[in-house]
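Chain and residue survey
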Amino acid sequence: MKKIILLLLALAGTLPAFENPRLAIVISRTSFDQKWGVTQMAAHGWGAAANLAGIPYDCFFFEELAAADLSRHQTMILAQCSYVTSAGYDGSLAALRRYLARGGHLIIDGPLAVYDDKAQPIDHAELDSLVGVRYDGFRGSEMSRIRVGDADHFITRDFAPEQYLTQHLTGGLNILGGGRALLVSGDEKASYPFLSVQNREKSRIVLVSDFSTWAGAASFFRNVQPQVFYRNELFNVMIRAIHWTLYGEPASPFPVPQISNANLTAIVRLDADGSGNLSEQITTINYLTEIARESGVVPVYAWVSSQATKAGWQDLAPYGKKLEEAGGEIGTHSRFHRIDEAMTEERWRDELDGSIHEIEFNTADYGYSIGKVECMINPGNTIRMSDYEQVASRISFYMTHGFEQDMPLGFGNFTWYTGKHKNLALLEDTPSPDYQWFYDPTWSYTTQQITAYQEAIFDHLFERIGRGVVYNQMWHDYSITSQPQYGKSRIVNSSNIAMYDAIRRKFASKEIYAPAPIELGHKLRLMAQWDYSWRAEKDKLFLTLDLTRVNLDTMPSFSGGMGIAIDNCDQFIQEVLLDGRIHDAFSDRLIILPNLSRGKHSFEIRLGDRPALQPHLAYISQIMPSCRRSGDELIVEVRTRNRARFRFEAATDLLLLNADAQSRDRLQGTRLSGHATSDRQIVLAHLPAPLQEVTRATMAIAAARKMKKSVLFDLKANALEENQLWLRAGDRPKQVLLSGKPVPWSVVEGEIRIALGPAKGDTQLSIEF
């Protein structure tokens, strides 16, 4: 009864609330048979939009809507469903009529059911009338751009009137008219609706004139005129369109789950096409291991197994093990790199089963077992969705490519064409692949140009898209090692490494999330499969996160490090209760999840006008199993095989115990950052008097305590040749002793700077006042 009352109040507008928002993302089998590329990019692109919007989703085929259970899905996205069989049309028309009658909402991308399976026009007037669409033809050209036509709406209110959101397109669009046009496409002479909205009885409907086609409306960069990077905003628009269909014009904050608690989630995709070249493998694996050690970002490293055999498993296997010990994952890039459109069952078994067996057997046979191969990188041309059951029946984490110039984002837990295998996690690569930048004869750029473009793409994803968006640019072993090329009429660069080094620096300097591949797969599954409900009440937001229905028992234990953003909000999180207990892992408008259990978990979020004052964890780069208080200490459990980075908001009289290093932000003194290189508990604890602040420490501090007139630090060994401890205190030290021996120190601008030298073993530092 209480649930019914809350729902009625919500509908009346007095208590904003929503129970189990969920999307149905729909593609057409018939459209796939006619235009597989457009259909596939639409499926993957709208999957990314659903993940960025934080709305759980399921995958459907248009032809099967008549028999589908859509009772849990408030919004349906019809993605490039232009073609349909006659029987499919009739059944889907009836299904959509029922769906709209109960108040379901629609997003329609591209023409809907206008051709039959022989590409002949069909009579679709009844469906057009039902959804309120009219077709104004194929309009526009390479001179067309998309801009804001109406900024006075929830979907577009973050943009300025007449603001351009895209660069020029590569061609025309199928124009869907009807309703209020918020975005328009066109040139100086003519413009047409690109995104329109309408309210029809109980339903909200969004009409989109080709978000996902070869016109490249969503593109960040493409190798056709104009050959420039552009800060394309269409994904941000589609996220808000999804939220509008579900929530209308929300007057309250609402929760938005994220894949991670950071703006950007980074993983390296390494296609080891040069698996037969041992020197290339050693250089590349060492390079990627260095990246993992300094930033925590790890690769899926996929071998072409027949070539790896030529390199020699006895030499290669130790490096595969080394990479996995650093947190990466060895995967398959097929056996012979010969997957094409003429595959048979026998060839699938040879290319995939044969490769998996070669990798697993040979690494184990030489004493460097990497366990089960669970990851695959698409070799050669794009594998079509219709073959996804071949992939999903063998592996759980799949990286593909092919649409990055026109549809730059695509990731999720997709079940189209996967048969009974419902847990495939898929990533499209981020634009642009290194092969094209450096080796494709139809591309021609200097290393300096490539580096600048790729940095701009990274920055756009981090700064403007955010929401935990996945960055996984395609890298190759032969390109990292700058293998030469000959006989191509393009710019030939003598060295490619500057681009990789630039992105490496981004990984290390930005607050990104760096998951292990298997972990990322589980996070993508959680985003699709879990449920949640919420309600807003004055200065509080109540959220129930329900993991009861997820497919795998292992999934909840990978939720740590994910985020719950608070959208539509200009206030700050003050306090979070998780299952009735204080949870001190949050930033201004985002909660950092710990590992959860299967079942329901309740959150109570209190909001206020200023940032929270109590100490709390504000960011972490890797999985966080738990965060808890113990007395006046805050204890955060960290799990890492390389480097986990974290940032606390904490008063200056607090320090980090067990962090390998820590430092205070000189401009924002409450920001205390550190890192750890192995599993441990990080403790935020009070400094003993008269110490006031630790501003920098390059050694792990295991304990800090007061002993009469001295402060004692227990310090842990590390591999650095020089170590430092910088701090502030109310008094000037009389002497500083390390293991009972004096060490040099100085006072610079009120800061006590102690030079500790190398730390070959655990030791104790005594500061006498």
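Residues numbered from 1 in each chain as written. Predicted model: local features only at pLDDT ≥ 70, side-chain atom pairs only at ≥ 80, totals over all residues. Heavy atoms only, no water.

**Structural notes on the overall build of the protein chain**
On a plain count of helices and strands, the protein chain comes out with 16 helices and 47 strands. Over its C-alpha atoms the protein chain spans a radius of gyration of 28 Å, differing by no more than 12% from the 27 Å that the globule rule assigns to 769 residues. Overall, the C-alpha framework of the protein chain stretches about 90 × 70 × 50 Å when taken along its three principal axes. Evaluated residue by residue, the protein chain yields a buried proportion of 62% over its 769 residues. Per element, the accessible surface of the protein chain, about 28,500 Å² overall, is 49% carbon and sulfur. (Helix = DSSP H or I, 4+ residues; strand = E, 2+ residues; numbered from the N terminus. Rg over C-alpha atoms; globule rule 2.2 N^0.38 Å. Buried < 20%, exposed > 50% of the residue type's maximum accessible area, 1.4 Å probe, protein only. Areas by Shrake-Rupley, 256 points an atom, 1.4 Å probe, with all protein chains shown as cover.)

**Considerations on the nonpolar core**
Residues L195, W475 and F507 are the most contacted members of the largest nonpolar core, which totals 188 residues. With ten residues, the single largest contributor to this core is helix α6 (residues 234-247). The contacts of W475, once residues within four sequence positions are left out, are V268, R269, L270, D271, L288, I291, D434, I480, M499, Y500, I503 and F507. (Core = buried A, V, L, I, M, F, W, Y, C linked by side-chain atoms within 4.5 Å. Contact = heavy atoms within 4.5 Å.)

**Thoughts on the sheet that holds strand β40 (residues 701-707)**
Across the sheet, which stays open at both edges, the five strands sit in the order β40-β41-β47-β43-β44 with antiparallel pairing between neighbours. Whereas interior strands pair on both sides, the edge strands pair on one side only; in this sheet they are β40 and β44 (741-742). The sheet contact formed by strand β43 (residues 735-738) and β44 spans two bridges and is antiparallel. By the bridge assignment, L738 is partnered in β44 with K741. (Pairing = 2+ DSSP bridges.)

**Examining the confidence of the model for the protein chain**
Of all residues in the protein chain, 98% have pLDDT values of 70 or greater, and the mean over the chain is 95. Counting interchain partners and residues more than four positions distant, the pLDDT-below-50 stretch residues 1-15 has nine contacts. (pLDDT = per-residue confidence, 0-100.)

**Some thoughts on the layout of surface pockets**
For the second largest pocket, the calculated volume is near 1,200 Å³. Counting only elements with at least two residues in the lining of the second largest pocket, the list comes to α6, β12 (254-258), α13 (447-465), β25 (563-567), β31 (616-620) and β34 (644-649). With four residues, α13 is the largest single contributor of residues to the lining of the second largest pocket. Of the residues contributing to the lining of the second largest pocket, the split by class is 17 nonpolar, eleven polar and twelve charged. (1 Å grid on protein atoms, 1.4 Å probe; cavity = no way out; pocket = protein on both sides within 12 Å on 5 of 7 lines; lining within 4 Å. Points joined across faces, edges and corners; volume = space filled by probe spheres on them. Nonpolar A, V, L, I, M, F, W, Y, C, P; charged D, E, K, R; others polar.)

**Topic: the packing of helix α7 (residues 278-295) against helix α9 (residues 313-325)**
Two quantities define a packed helix pair, namely the angle between the helix axes and the distance between the axes. Here α7 crosses α9 at 15 degrees, and the two axes come no closer than 10 Å. By the criterion of interaxial angle, the relationship of α7 to α9 is roughly parallel. Along this stretch, α7 crosses α9, giving a crossing that reads as left-handed. Packed against α7, whose contacting residues are L278, Q281, I282, I285, N286, L288 and T289, the element α9 presents D315, L316, Y319, G320, K322 and L323 at the interface. Classifying every residue of the contact of α7 with α9 by side-chain character gives seven nonpolar, four polar and two charged. (Axes fitted to C-alpha atoms, helices over the stretch in contact; angles between N-to-C directions. Parallel < 35°, antiparallel > 145°, perpendicular 65-115°, else oblique. Left-handed = near helix turned anticlockwise from the far one by under 90°.)

**Notes on α9**
With 13 residues, α9 should cover 18 Å at 1.5 Å per step; its first-to-last C-alpha distance of 18 Å lies within 8% of that length. Regarding α9, the residues found buried are W313, L316, A317, G320, L323 and E324. Viewed along the axis of α9, the buried residues span an arc of 125 degrees, placing them on a single side of the element. Looking at the buried positions of α9, the neighbouring elements they touch are α7, β15 (299-303), α8 (305-311), β16 (329-332) and α10 (345-365). Where α9 terminates, the next one or two residues include G327, which has phi positive at roughly 105 degrees. (Expected span 1.5 Å × (residues − 1). Arc of directions from axis to C-beta.)

**Thoughts on the side chain of H476**
With respect to the element layout, H476 can be found in strand β22 (residues 474-476). Judged by relative accessible area, which is 3%, H476 ranks as buried. In this view, H476 contacts L270, D271, D273, D434 and Y435; residues no more than four positions away in its chain are not counted.

**Overview of the sheet that holds strand β26 (residues 572-578)**
Taken in spatial order, the six strands of this open sheet run β1-β23-β24-β30-β26-β27, and their pairing is antiparallel. The open sheet terminates on both sides in strands that have one partner only, identified here as β1 (17-19) and β27 (581-582). Direction of pairing for strand β23 (residues 531-537) relative to strand β24 (residues 540-546): antiparallel, over a ladder of seven bridges. In the sheet register, D531 faces β24, and the bridge partner there is D546.

**A look at the pairing of β43**
Pairing between β43 and strand β47 (residues 763-768): four bridges, direction antiparallel. By the bridge assignment, L738 is partnered in β47 with L765. In sequence, β43 turns back onto β44 through a hairpin of two residues, with S739 there showing a positive phi of about 55 degrees.

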